[in-house]
Amino acid sequence: VSTTDSIITEAAFIVVKDSERLIQEVTYPSIVEQIFLGRTISKETIDFHLKNGYDKIYDPSHQITLDSFIKNLTYKLKDVEAVWINGMDFDLGNLNKLRQQVGIDKPLWNFRATRDYRTIRVELGVRATEEEKQQHRLHTAMGDCEIMLYGVNRFYELKEKLKAS
């Protein structure tokens, strides 16, 4: 099974402009619709979610249709300058495959906006501190998004220092 055929249980994004949060959102795309598309989720992933209190993501009353999920994402991210993804191969590939399966040709966002957080985290060592990580629930979409934001902010601070020198 390809990782781009994995069920997306939740997705989060934070839109920031000039250090101000404009949008902060978590969505839960329909798992049943994804199953009908042939997407899969491992028993280990489900067990992890249930063991750690993430059972909300499996409640259909919190889920939205796949069409609404993709359209909401493309609408809210259409004009952003940078979209930071934690790994180009899994998250972005999975989102793009779902977009294609739903039959939406329009890209999720401008291709020039895509940035890879994993690269700056590994190569530059910019990341959240242990103290910052404790402030957020790990392995949830929004918790991971918040933790990535610490690293991205450190990257931009480093970039400004380099420009100034």
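The model shown is predicted, which means the values in this text are computed figures rather than measured ones. (Residues numbered from 1 in each chain as written. Predicted model: local features only at pLDDT ≥ 70, side-chain atom pairs only at ≥ 80, totals over all residues. Heavy atoms only, no water.)

Unlike most non-glycine residues, D18 shows phi in positive territory, near 50°. You can see D18 is positioned in the loop between β1 (11-17) and β2 (20-29). On the basis of relative accessible area, D18 is assigned to the exposed category, the value being 72%. Even without glycine at this site, S19 takes up a positive phi of about 65°. In this fold, S19 is placed in the loop between β1 and β2. (Helix = DSSP H or I, 4+ residues; strand = E, 2+ residues; numbered from the N terminus. Buried < 20%, exposed > 50% of the residue type's maximum accessible area, 1.4 Å probe, protein only.)

Under the counting rule described, the total for this entry stands at 9 salt bridges. A salt bridge links D89 to R118, with the nearest nitrogen and oxygen atoms 3.8 Å apart. Remark: R118 occurs in helix α5 (residues 117-124) and D89 occurs in helix α4 (residues 88-102); sequence separation between them is 29 residues. On the accessibility criterion, D89 (54% relative accessible area) is exposed. Put simply, K133 and E130 hold a salt bridge, and the shortest N to O gap is 3.4 Å. One end of the pair, K133, and the other, E130, are both in helix α6 (residues 130-134), 3 residues apart, so they sit about a helical turn from each other. (Salt bridge = Lys/Arg side-chain N within 4 Å of Asp/Glu carboxyl O.)

What follows deals with the environment of V102. Examined against the element boundaries, V102 turns out to sit in helix α4. Placed 38 residues apart in sequence, V102 and I64 show a C-alpha to C-alpha distance of 13 Å. Those residues in contact with V102 that lie beyond four places of it in its chain are L66 and D67. (Contact = heavy atoms within 4.5 Å.)

Turning next to the pairing of β2. Here β1 pairs with β2 via 7 bridges, running antiparallel. Within β2, the residue paired with F13 across the bridge is E25. Where β1 folds back onto β2 in an antiparallel hairpin, the turn is made up of 2 residues, including D18, whose phi is positive at roughly 50°. (Pairing = 2+ DSSP bridges.)

The next point concerns the packing of aromatic side chains. A complete count under the given rule lists 4 aromatic pairs for this structure. Where W84 meets Y156, the ring centres are 6.1 Å apart and the plane angle is 85°; that geometry is what we call edge-to-face. With W84 in strand β4 (residues 83-85) and Y156 in helix α7 (residues 141-164), this residue pair connects regions lying 72 residues apart in the sequence. Taken together through their ring pairs, the aromatic side chains of W84, F155 and Y156 make up a single cluster. (Phe/Tyr/Trp six-rings, centres within 6.5 Å; stacked < 30°, edge-to-face > 60°.)

Pairing in this open sheet of 3 strands is mixed, and the strands run β1-β2-β3 from one edge to the other. In the strand order of this sheet, the two ends are held by β1 and β3 (63-64), each with one partner. In this structure, β2 lies alongside β3, joined through 2 bridges in parallel fashion. Note that in β3 the partner of P29 across the bridge is I64. Contacts from α7 reach β1 and β2 within the one sheet, and its direction differs from that of β1 by about 35°. (Axes fitted to C-alpha atoms, helices over the stretch in contact; angles between N-to-C directions.)

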